[in-house]
Amino acid sequence: MAGSVALRMSHVYKKFRRGEYHDSLRDLLPALARRFVGRSSTGELRDEEFWALRDVSFEVRRGEAVAVIGHNGAGKSTMLKHLTGLIKPTRGSIEVSGRLSALIEVGAGFHHDLTGRENIYLNGVILGMSRAEIRSKFDEIVEFSGLKDFIDTPVKRYSSGMFAKLGFSVAAHMEPDILIVDEVLSVGDFMFRAKGLEKMRSVARSGATVVFVSHDIKSVVDLCERSLMLKNGVLIEDGPTSDVVRTYMQQARVGVPNETVPDVRIESVVVRAPDGERLDYESGETTDIEVDVAGVGGAVRVACILQVFNEHLWEVFNTSSERLGRPSADIGPGEHRIYRFRLDLNLAPGTYHVCVILYRYDIAKVYHRVQPAATLVITSRFDSGGVVQLNPKLVEA
């Protein structure tokens, strides 16, 4: 039923044991005694245990496309393994309503000595498809994967990208009620990632539920209106993707002062479109980047440098207040100065990160640096790649 709950986690906790090493019987016997005699309750931790998930609760309704984001070690994959039934919670409950298809690890469900053709049948059966259903979808799966020339090759000779293509193709074509994808598209090429995202949109439009884990912020913004953010096993935010991504990027910011307490510091960096603060832009739009600078101990000859990096952290643009004709400034203790840069975002689709540096040119001194200070997600009506947007038009074919 449209709008009904497809997935629900209620107060889920999961604890794991860190690895133990015993190089003598003297070490092993006390450890065994602690494990079997001094067993703790599910609500307590022993010294060697830690919480991978702590009191995680949320629900996803049928037809929603929801992203799960967070830095490495946040608990994203652990949460998805609970949803797919691969592991059980220490405490709490999980409800799954409908046929679930998941791709949470490259090569999961494949037998390396079998061919791609044989693994389609094997993987399909594991995901709950009948042989007749697999047979009827076989050509479509192979065509989507782009691996027709290698379908009778043992998959042990496949690259990680080929594994991802084949696994995703099987999972996405079983007509699931719920599709869970964990980062595996990141190992595919550009064209397959775009095709995979479009397939997930198609699954969501059909009324199914999509749960998507990725570090690719552009893909998250493109696919999902709602996102969950995990940190250290705790669900810290659940809401509109633009708000959750903003929190995610703010927590990734790194301030690098020249001293422990900088002479002058970057207080805030705000990206403002004419209609207000946002992170998503159509290529070619204009935006202002506003930098609020505060004097701490006081600094002289301060210039503000603005850099833009793509998702691979390659610099694609830089400028500074001094290079744009504004003389460097002296900023005394307690004083504030606003630098406002206006940019025409003639960028190709992708995720871009803004870095801001307070700098003194004559002695090459960095007063303060924040990276990333802000994030921009650029979309375009043109299907193009690279860095700049050249507004392509096909005039003859």
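Residues numbered from 1 in each chain as written. Predicted model: local features only at pLDDT ≥ 70, side-chain atom pairs only at ≥ 80, totals over all residues. Heavy atoms only, no water.

So, about the overall build of the chain. Looking only at helices and strands, the chain has eight helices and 20 strands in total. Here the chain holds 397 residues, and the buried ones make up 47% of them. Sequence separation of at least 24 residues holds for 72% of the intrachain contacts in the chain that already meet a minimum separation of 6. Within the structure as shown, the chain displays about 19900 Å² of accessible surface, and the carbon and sulfur contribution to it stands at 50%. (Helix = DSSP H or I, 4+ residues; strand = E, 2+ residues; numbered from the N terminus. Buried < 20%, exposed > 50% of the residue type's maximum accessible area, 1.4 Å probe, protein only. Contact = heavy atoms within 4.5 Å. Areas by Shrake-Rupley, 256 points an atom, 1.4 Å probe, with all protein chains shown as cover.)

Within this structure, the stated rule accounts for seven aromatic pairs. Counting every residue linked through ring pairs, the aromatic cluster contains Phe-110, Tyr-158 and Phe-163. The ring of Tyr-13 has Arg-91 lying over it, and the distance from NZ or CZ to the ring centre is 4.0 Å. Stacked on the ring of Phe-144, the Lys or Arg Lys-195 has its end atom at 4.9 Å from the ring centre. (Phe/Tyr/Trp six-rings, centres within 6.5 Å; stacked < 30°, edge-to-face > 60°. Lys NZ or Arg CZ within 6 Å of the ring centre and 35° of its normal.)

Moving on, we get to the side chain of Ser-227. Structurally, Ser-227 is set in strand 8 (residues 226-231). Owing to a relative accessible area of 0%, Ser-227 belongs among the buried residues under this scheme. Reaching out from Ser-227, the side chain makes a polar contact with the side chain of Thr-241 at a distance of 2.9 Å. Once residues lying within four places of it in the same chain are set aside, the contact partners of Ser-227 are Val-66, Ala-67, Val-220, Glu-237, Asp-238, Gly-239, Thr-241 and Val-244. (Polar contact = N/O pair within 3.5 Å; in protein donor to acceptor, adjacent residues only side chain to side chain.)

Here helix 5 (residues 160-172) contains 13 residues, and its C-alpha end-to-end distance of 18 Å stays within 8% of the 18 Å for a straight helix at 1.5 Å per residue. Helix 5 sits mainly inside the fold: 12 of its 13 residues count as buried. Considered for burial, the residues of helix 5 that qualify are Gly-161, Met-162, Phe-163, Ala-164, Lys-165, Leu-166, Gly-167, Phe-168, Ser-169, Val-170, Ala-171 and Ala-172. (Expected span 1.5 Å × (residues − 1).)

Below, the discussion takes up unusual backbone geometry. Cis geometry is adopted by the peptide bond preceding Pro-372, which originates at Gln-371 and carries an omega value of -5°. Topologically, Pro-372 is positioned in strand 20 (residues 365-379). With a phi angle near 50°, Asn-391 is a residue other than glycine that sits in the positive phi range.

A full pass over the atoms with the stated rule returns zero disulfides. The thiol of Cys-304 is not disulfide-bonded; the next cysteine sulfur, from Cys-355, is found 9.8 Å away. Given the relative accessible area of 0%, Cys-304 is considered buried. (Disulfide = S-S within 2.5 Å.)

This paragraph deals with the pattern of salt bridges. Taken as a whole and assessed by the stated rule, the structure comprises 22 salt bridges. With its nearest N and O atoms 2.8 Å apart, the salt bridge here joins Asp-152 to Arg-117. Remark: Arg-117 occurs in helix 3 (residues 116-126) and Asp-152 occurs in the loop between helix 4 (131-145) and helix 5; sequence separation between them is 35 residues. For Arg-117, a relative accessible area of 35% puts it in the partly exposed group. What emerges from the salt-bridge pattern is a single network uniting Arg-8, Glu-59, Arg-61 and Glu-95. (Salt bridge = Lys/Arg side-chain N within 4 Å of Asp/Glu carboxyl O.)

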